[in-house]
Structures are given as structure tokens and as C-alpha cells.
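The residues making up each chain are set out below.
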Amino acid sequence: LTDRNPEDGSVRLRNGSFEQDTFCWDIPRKSMGKVSSEQASDGRQALKLVDRDPNRGSNIHSTAIPIKPGNFVLAGDFFPVSGKGIGIYVKFYNADDKMINETDKRNYIKSIGRLGGYEKKWQQFSFPFQCPEGTVKAKVWIHSYNNSLVSGYLDNLQLHSAPPPK
């Protein structure tokens, strides 16, 4: 489900440009997201997210990505339309298919980054994260916070290996 660079072993997120519609993405009917041709950083399509529900958030996942423990960066392009509070998460899974992210008292996992704004122009983002020991696969989760009213477009999502943080 990923492309691996043979020179440096980096992992690339498959269909992060959404040019192949929902291929390699789980975008349920009530997820608050869809692939759209209204905006695209380049190409023809991007992921459109519109959360108008004050009680629940969006729920969009990549398919599982084979990955090993280490340092990575999730980068891409974002076109903010309104609001704040699109959380970008990475869920880590072990060989038994159990999620191994640390959770807080409410059993929530921490986002690796947050998107939002009103600028209505494409901007790049880059969020570093670390896959913990025992990770064999991961999923990117795009989830607007439960009390956020937010809309925007995501495109060109990429996953790269990265040097350790300083």
C-alpha cells in the first residue's frame, strides 16, 4: 500500500494526491469527507473535509501502511476555508493488529498536528512523528475535533523517513 524508495528506504503514502479517488482511503458516507475536484494543489482532485456538526468530528483513514519504528514526517498541502481543528493523527499497530498509541485519561490519542484557518490559499504543512517500538503498520487518521466547525482541502499527502529530532 506504499511505495518504498530503494535508495533511502523511506515510505510514501499511496494515493496521497487523491487522483485515484478513494483508492487506499477509507472515507465512509458519514465521514464528513469526500474526494473533490473543486480544489487541487496540483492534479485534478483533493480531499474535501466539511465538519458542520458541533458534537462529532470527521473520520477518514488511510489503509494500513507497512512501517517500522523510527522517525517520520507527514507532509502535504492544505487549503483552509473556515474554522480550526482538523487533527492529523497516525495510529500505530503491532503484529497482533492492536493499536499501540499512548492514550490519555479519556482514551484519546494525541494528534501529530493541527490544521485550520480562513486564508483560502494552498499552504504546505509538515508534521514530525515517531513510530514506537513494536510498530509494524500504521494508518493516517484525519479527524476534526468533536466540537470544531471547520472546512478545507488536503492534497499531496506524503510520508517520509526523517532524521531523529534534535
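Residues numbered from 1 in each chain as written. Predicted model: local features only at pLDDT ≥ 70, side-chain atom pairs only at ≥ 80, totals over all residues. Heavy atoms only, no water.

**Student:** Would you explain the overall build of the chain in this entry?
**Tutor:** Check the secondary structure of the chain and you find 0 helices and 13 strands. When the helices and strands of the chain are listed from N to C terminus, the series reads β-β-β-β-β-β-β-β-β-β-β-β-β. Dimensions along the principal axes, computed over C-alpha positions, put the chain at roughly 40 × 35 × 35 Å. Burial statistics for the chain: of 166 residues in total, 47% are counted as buried. Across the chain, contacts joining residues at least 24 apart in sequence account for 78% of those joining residues at least 6 apart. (Helix = DSSP H or I, 4+ residues; strand = E, 2+ residues; numbered from the N terminus. Buried < 20%, exposed > 50% of the residue type's maximum accessible area, 1.4 Å probe, protein only. Contact = heavy atoms within 4.5 Å.)

**Student:** Help me understand the pattern of salt bridges, please; the structure alone is not making it clear to me.
**Tutor:** Under the defined criterion, the tally for this structure stands at 5 salt bridges. We note a salt bridge from Asp53 to Arg56, for which the minimum N-O separation is 3.4 Å. The partly exposed category is assigned to Asp53, whose relative accessible area is 22%. Looking at Arg56, the relative accessible area reads 36%, which means it is partly exposed. Between Asp97 and Lys137 there is a salt bridge, with its nearest N and O atoms 2.7 Å apart. Within this pair, whereas Asp97 is found in the loop between strand 9 (84-93) and strand 10 (113-116), its partner Lys137 is found in strand 12 (residues 137-144), the two being separated by 40 residues in sequence. With a relative accessible area of 24%, Lys137 lands in the partly exposed category. (Salt bridge = Lys/Arg side-chain N within 4 Å of Asp/Glu carboxyl O.)

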